[in-house]
Amino acid sequence: MLSLDFLDDVRRMNKRQLYYQVLNFGMIVSSALMIWKGLMVITGSESPIVVVLSGSMEPAFHRGDLLFLTNRVEDPIRVGEIVVFRIEGREIPIVHRVLKIHEKQNGHIKFLTKGDNNAVDDRGLYKQGQHWLEKKDVVGRARGMQSSFCWVYLCWSTVSKKSALLFLGRCHTFRYWIFGVDIGL
């Protein structure tokens with residue numbers, strides 16, 4: 001059972017200490033949001049950092065790899081480039097490589113993607129009747145990566161929440177890192 005000893009610490013705080021703790025927490029959250037928004041402006045991407053969620057891009061990227069994205073309008077999309085794109089009707093973006101480019105006379109570009117570890121291209125993933133992606137579908141283009149950085153997120157997203165909490169709750173380092181105290185699980 002979860003020990004709630006940290007609540008005793010909160011009860012023992014005077015109002016000024018509690019106010020400073022809440023203010024400190026608010027400053028941390030707002031700083032994180034400002035950094036995220038700043039990255040969005042600098043990179044031109046609505047999501048400057050994404051986590052690879054499947055094995056479709058192995059061996060280039062594995063589940064849990066962290067990708068750093070840019071999405072500058074002036075940069076042309078090239079064959080072989082790794083793009084992160086959204087498909088209408090799907091919430092989670094997909095990370096795949098550009099396989100073919102189709103350029104019209106007026107300069108409008110459409111492209112086809114495929115996961116490195118997939119047998120066929122992505123036309124089966126696109127919305128009904130769509131055979132090519134357009135630049136408007138792109139969330140960003142991979143510019144850098146950090147391997148196996150987000151194992152906690154993957155554990156949380158693929159295992160039941162209760163099992164993940166039990167696993168992480170048994171890890172003293174994780175408990176201390178998250179709560180700042182040993183909460184006695």
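My aim in this report is to walk through the structure given alongside it, one point at a time. (Residues numbered from 1 in each chain as written. Predicted model: local features only at pLDDT ≥ 70, side-chain atom pairs only at ≥ 80, totals over all residues. Heavy atoms only, no water.)

Relative to strand β4 (residues 94–103), strand β3 (residues 82–85) is paired through 4 bridges, and the arrangement is antiparallel. Bridged to V84 within β4 is V95. In terms of strand pairing, β4 meets strand β5 (residues 109–114) through 6 bridges, oriented antiparallel. By the bridge assignment, E103 is partnered in β5 with I109. (Pairing = 2+ DSSP bridges. Helix = DSSP H or I, 4+ residues; strand = E, 2+ residues; numbered from the N terminus.)

This part covers a nonpolar patch on the surface. Where nonpolar side chains cluster on the molecular surface, the patch consists of L7, V10, L18 and V22 and spans about 290 Å² of accessible area. Looking at the nonpolar patch, the elements with two or more residues in it are α1 (5–12) and α2 (15–43). Here V22 is to be found in helix α2. (Patch = residues over 30% accessible without salt bridge, like charges linked within 9 Å, V, L, I, M, F, W, Y side chains within 5 Å. Areas by Shrake-Rupley, 256 points an atom, 1.4 Å probe, with all protein chains shown as cover. Salt bridge = Lys/Arg side-chain N within 4 Å of Asp/Glu carboxyl O.)

Another aspect to go through is the sheet that holds β4. Strand order in the open sheet formed by 7 strands is β1-β2-β7-β3-β4-β5-β6, with antiparallel pairing between adjacent strands. Only two strands of the sheet have a single neighbouring strand rather than two, namely β1 (49–51) and β6 (133–134). Looking at chain direction, strand β2 (residues 66–70) and strand β7 (residues 138–146) are connected through 5 bridges and run antiparallel. In the sheet register, T70 faces β7, and the bridge partner there is R141.

Glancing now at the pairing of β5. Between β4 and the antiparallel strand that follows it, β5, lie 5 residues; G107 among them carries a positive phi value of about 95°. For β5 and β6, the ladder comprises 2 bridges, and the chain directions are antiparallel. Across the sheet, the residue bridging to K110 is E134, located in β6.

Opposite charge on two side chains lets them pair, provided their charged atoms get close. One pass over the full model with this rule turns up 7 salt bridges. Here the residues in one salt-bridge network are D75, E81, R141 and R143, joined through shared partners.

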